Amino acid sequence: MRFEFSTMGCPCALHVEACDDATAQRAYAATLAEVDRLDRKYSHYRADSLLSELQNKVGAPIAVDDETANLLDFAAELHRQSDGLFDITAGKLTRLWDAQNHRVPSQKEIDAALRVTGWHRVEWQRPNFRVTTAGMRLDFGGLVKEYAADRCAQACRDAGVTSGVVDLGGDLALIGPHEDGEPWIVGIKAPRAEGKASARIELPRGGLATSGDYERALIVDGKRYSHIVDPRSGYPIESFASVSVVAETCLVAGAASTLAMLSGVERGKSWLHELGLPHLCIDADGERSGDIAI
Amino acid sequence: MRRDLRIFAVLSIGLLMAGCATTPVQPWERGRLAGWDMRWDSDPMQAAANEHAHFSKEGTSGEIGAAGGGCGCN
Amino acid sequence: MSVNRRPSSSLTLLLAASAALTGQKAHADETTSAPTIGYRFNVYDEDAFSGATVIGSPQRYHVDTQQLDFSSGVGDRNTLNVNAVHEVMSGSSPWYEIPGPNNKPIQVLSGATIRDHRNAIDASLTHDAGGNSTTTIDASYSTERDYHATAIGAEHTLPLNAALTLGFGGSLSHDIVAPTDALIFDRITHAEKNTLSAFGSLSWVMNKASVIESGIQINYQSGYLSDPYKLATVGDVQLPDTRPDRRTEVAWLVRYRYAVNADAALHLDSRVAANSWGQKSFTVEAAWYQSLSGGWQLVPGVRYYTQDSARFYAPFFVAEDAGDFYSSDYRLGGFGSLSANINLRKQFGRWEFTVGAERYHASASYALGGGDVFNPGAVSYTRIFAGLDYHFD
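Only a predicted model underlies this, so the values are computations on that prediction, with no experimental measurement involved. (Residues numbered from 1 in each chain as written. Chains lettered and ligands numbered in written order. Predicted model: local features only at pLDDT ≥ 70, side-chain atom pairs only at ≥ 80, totals over all residues. Heavy atoms only, no water.)

A. Inspection of the overall build of chain C at higher detail. Per the secondary structure count, chain C includes 1 helix and 21 strands. Burial statistics for chain C: of 393 residues in total, 50% are counted as buried. Pairs at least 24 apart in sequence give 59% of the contacts found in chain C among residues at least 6 apart. Surface accessibility of chain C: about 17000 Å² in total, with carbon and sulfur atoms responsible for 60%. (Helix = DSSP H or I, 4+ residues; strand = E, 2+ residues; numbered from the N terminus. Buried < 20%, exposed > 50% of the residue type's maximum accessible area, 1.4 Å probe, protein only. Contact = heavy atoms within 4.5 Å. Areas by Shrake-Rupley, 256 points an atom, 1.4 Å probe, with all protein chains shown as cover.)

Next comes the structure, spelled out in structure tokens:
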């Protein structure tokens, strides 16, 4: 059974198997409820989201709940591990390089955005979060969608589903393997080739996450600017077209693929190799590398 | 030997109290501790071989764990 | 003895950092369900005796050891580990000492070259009892031409709180000694020895970068504890090495692990021990664990050891001074030792390769506060090892 829906700005689907209608409906309802809850909380398109509150209350510390605290701890750790490349405060910068602008931002705009970017401009001491500069934009992209996939998968398991996959815009979390124990075969979208799957892989466990610039890159005068921006320089990073990673959870897979994208092709490849998780990288020329079983 | 045992008892109780008194390290903070280089033995097979060489050539031995089996190593 | 799976430290850090969010275990399993096989080859070679202090062929001991280790999850909560050892020993061994000029001891070595091999197998089963506590039972058997040992043991670990873990356990070993050439050399033909051992330990996670553990081990041995191949010179004659039929040993250990930064860690281990034969010893070891680029790991280390002599030890005895017990085994003498070691490792996908060496030098002059008795038996050796691990997952 397959349910299609849309959330967090992307097309999503819930695939379930080997269960009766009632269970499937329950699982679908639980999934919708969970993504809605997380979207309300962490969307930066909603003025009433917790995220908006966090970034707008300048100077005053806000005590956050456990779930947000855990996400912030995780983001802090990723910031540390990536030497500052992964930065949830870089929202203003990524918006500057958004494809929908149809233009390259000026140096003045970049400098202005840099002045309100930086993990050093917030204070995170669990459970208190404090923004010290006005105008900052927090961006939990790279975290929330993958986290949501894991949560939805668990919600489906709690509803009684034993076989299925949650697909939130390409970030997948496994609910359980096929009834006969075989893993699900899932497709990784081809960069820059609409609708075509570039690789079909087995998902035996956990989650699959893909970071890629193919859908959201800014193209001006034939030149492609990735939406993965270096929060230290303000400019996009030349990197892979896409990186897909399989891990125990979609969250870890997402963190790994994001960190790989942020590291650029050379360092990203060796980091992924050292990490030891199955992965597939496709660089700007379509060259593939990685050890995912296709 | 009795004096050594008393010192040991005092230090162990100190360790126990210190362990109860300090702020615990949260699970997400333990990442570094799980690294290969922070294990008690990062290579148990080799650690056993190393201990065996020293045990065969010295008059005293002892590790954290039970002594296990002996050998005629000379 | 299990071969730990070594997940990359980056993966470990990611898993740990995400643990609270995903409800997963905070680190990739150390006792992973995927099987692992390990192989190690150790070459141990003692320096030959030097010059005038020796009678007999000066070549000392040489041992080639091969180890094979297999580890695998069994069901959800158990891990099985099986370890097999095959050793080939050759060379000559200190036999007895006689007074030389100025009463300086001269070492007499066993003339015949020993050539023996030892096979041992050890199996253990660890059960995850829930709540982060584990129970392990193990059994082992070691056999060589003249020595057979059977042992069983059990241990349990138990977290006391988020920072402290208690460990305790014990083992029982029954050994049978049946020396070769017993009748020719007038040795005992058959003897037994039993060892009862117990330990307790406490480990403490101090902070994000350091852990410390303290433990105590107590052993009680009874039976034939002498060395059937050694003699002691008492007056003008050589008598068989004769030691008491019981011995109690206590050792107190502290080990500390400190993460200096993301790529390096410092290990410090110390041990203070004493036994009922009058020996006391102190050991300290330091090692530096360095991760290099490209997945290489380098571990240099040093070790210092010092021990007192047993009450009934002397290189040789004047007849009136010898009591009921007498031994000239250098291992019961006072000496100290210094050793340096280095280890290089690399991971290649599912394979891990390791190579290393140790250089060890013992001497009476290295002993702390004593060791003025020249001990010709004190040994120096070189050990080289290499190994491979393979992870099936």
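B. Main features of the sheet that holds strand β2 (residues 54-55) of chain C. Residues and elements named next belong to chain C. Strand order in the open sheet formed by 3 strands is β2-β6-β5, with mixed pairing between adjacent strands. The strands lining the two open edges of the sheet, one partner per strand, are β2 and β5 (94-99). Here β2 runs beside strand β6 (residues 105-109); their pairing, made up of 2 bridges, is parallel. Paired with V54 across the bridge in β6 is Q107. (Pairing = 2+ DSSP bridges.)

C. Representation of the pairing of strand β13 (residues 231-234) of chain C in the model. All names here are of chain C. Because side chains alternate across β13, one face comprises the buried residues L231 and T233, and the other comprises A232 and V234, equally buried. In the sheet, β13 pairs with strand β14 (residues 237-240) via 4 bridges, with the strands oriented antiparallel. In the strand pairing of β14, A232 is matched with L239. Remark: 2 residues form the turn of the hairpin made by β13 and β14, two consecutive strands paired antiparallel; G235 in that turn has positive phi of roughly 70°.

D. The packing of helix α1 (residues 21-42) of chain A against helix α3 (residues 66-81) of chain A, seen in detail. Residues and elements named next belong to chain A. In contact at an axis separation of 12 Å, α1 and α3 are set at 70° when each is read in the N-to-C sense. In terms of orientation, α1 lies roughly perpendicular with respect to α3. Here α1 and α3 pass one another in a crossing that is right-handed. Residues R37, L38, K41 and Y42 of α1 lie in contact with α3, whose contacting residues are E67, T68 and L71. When grouped by side-chain class, the residues that make up the contact of α1 with α3 number 3 nonpolar, 1 polar and 3 charged. (Axes fitted to C-alpha atoms, helices over the stretch in contact; angles between N-to-C directions. Parallel < 35°, antiparallel > 145°, perpendicular 65-115°, else oblique. Left-handed = near helix turned anticlockwise from the far one by under 90°. Nonpolar A, V, L, I, M, F, W, Y, C, P; charged D, E, K, R; others polar.)

E. Fine view of the packing of helix α6 (residues 144-158) of chain A against helix α7 (residues 250-275) of chain A. Residues and elements named next belong to chain A. In contact at an axis separation of 7 Å, α6 and α7 are set at 160° when each is read in the N-to-C sense. One element, α6, and the other, α7, form an angle in the roughly antiparallel class. The two elements α6 and α7 meet at a crossing, and its hand is right-handed. Of the residues in α7, those touching α6 at E146, Y147, A149 and D150 are C250, L251 and G254. The residue inventory of the contact of α6 with α7, partitioned by class, reads 4 nonpolar, 1 polar and 2 charged.

F. Quick look at the pairing of strand β15 (residues 246-261) of chain C. Residues and elements named next belong to chain C. As defined by bridge partners, strand β12 (residues 210-223) adjoins β15 across 13 bridges and the pair is classed as antiparallel. Considered in β15, the bridge of G215 is made with L253. Looking at chain direction, β15 and strand β16 (residues 264-275) are connected through 12 bridges and run antiparallel. In the sheet register, A251 faces β16, and the bridge partner there is A273.

G. Molecular detail of unusual backbone geometry. All names here are of chain A. Here the phi dihedral of D83 falls at roughly 55°; this positive angle occurs in a residue that is not glycine. Within the fold, D83 resides in the loop between α3 and α4 (91-96). What makes D83 exposed here is its relative accessible area of 53%.

H. Quick peek at the interface of chain B and chain C. With 59 residues of chain B at the interface, the matching set in chain C holds 110 residues. Carbon and sulfur atoms supply 60% of the area that chain B and chain C bury against each other, a total of about 7000 Å² over both sides. At the junction of chain B and chain C, the tally comes to 4 salt bridges. Its salt-bridge partner being B:E63, residue C:R271 comes within 3.4 Å of it at the nearest N-O pair. Joining chain B to chain C, the criterion identifies 24 residue pairs in polar contact (both at pLDDT 80 or more). For the side of chain B that touches chain C, the elements supplying multiple residues, two or more each, are α1 (2-21) and α2 (44-57) of chain B. Broken down by element, the side of chain B that touches chain C gets its largest block of residues, 11 residues, from α2(B). Its residues placed into classes, the side of chain B that touches chain C shows 28 nonpolar, 21 polar and 10 charged. (Buried area = accessible area lost by both parts, 1.4 Å probe. Salt bridge = Lys/Arg side-chain N within 4 Å of Asp/Glu carboxyl O. Polar contact = N/O pair within 3.5 Å; in protein donor to acceptor, adjacent residues only side chain to side chain.)

I. Examining the nonpolar core more closely. Residues A:L14, A:F129 and C:L14 are the most contacted members of the largest nonpolar core, which totals 77 residues. The element contributing the most residues to this core is α7(A), with 13 residues. Excluding residues that lie within four positions of it along the chain, A:L14 makes contacts with A:M1, A:R2, A:F3, A:F5, A:A27, A:Y28, A:T31, A:C156, A:V165, A:V166 and A:I175. (Core = buried A, V, L, I, M, F, W, Y, C linked by side-chain atoms within 4.5 Å.)

J. Molecular detail of the packing of aromatic side chains. Residue and element names in this part refer to chain A. Considering all chains together, one arrives at 17 aromatic pairs over all chains under this definition. Their ring planes at 55° and their centres at 5.7 Å tell us that W97 and Y235 sit as a pair that is tilted. With a gap of 138 residues between them, W97 in the loop between α4 and α5 (107-115) and Y235 in the loop between β12 (223-225) and β13 (242-247) connect regions that are remote in the sequence. Owing to a relative accessible area of 1%, W97 belongs among the buried residues under this scheme. (Phe/Tyr/Trp six-rings, centres within 6.5 Å; stacked < 30°, edge-to-face > 60°.)

K. Structural context of the sheet that holds strand β2 (residues 10-17) of chain A. All names here are of chain A. The antiparallel open sheet is built from 8 strands, whose spatial order is β1-β2-β6-β7-β10-β13-β14-β15. Bordering the open sheet on either side are β1 (2-7) and β15 (288-290), each of which pairs with just one other strand. Strand-to-strand twist of the sheet, defined as the mean angle between neighbouring strand axes without regard to direction, takes the value 15°. Running over the sheet, α1 touches β1, β2 and β6 (163-168) and is turned about 10° from β1. Where α7 meets the sheet, it contacts β7 (171-176), β10 (207-212), β13, β14 (279-282) and β15, and its direction lies at approximately 50° from that of β10.

L. Broad picture of α2(B). Residues and elements named next belong to chain B. With 14 residues, α2 extends 20 Å between its outermost C-alpha atoms, agreeing within 8% with the 20 Å of an ideal straight helix rising 1.5 Å per residue. Most of α2 sits inside the fold, with 11 of its 14 residues counted as buried. Within α2, the full set of buried residues consists of P44, M45, Q46, A47, A48, A49, H52, A53, H54, S56 and K57. (Expected span 1.5 Å × (residues − 1).)

M. Looking closely at α7(A). Residue and element names in this part refer to chain A. With 26 residues, α7 extends only 15 Å from end C-alpha to end C-alpha; this falls clearly short of the ideal 38 Å at 1.5 Å per step. At G264, α7 shows its maximal bend, which comes to roughly 140°. Just downstream of α7 lies G276, where phi reads positive at about 85°. (Bend = angle between axes of the 7 residues up to and from the residue.)

Note that all results are geometric; they support no functional claim without further evidence.
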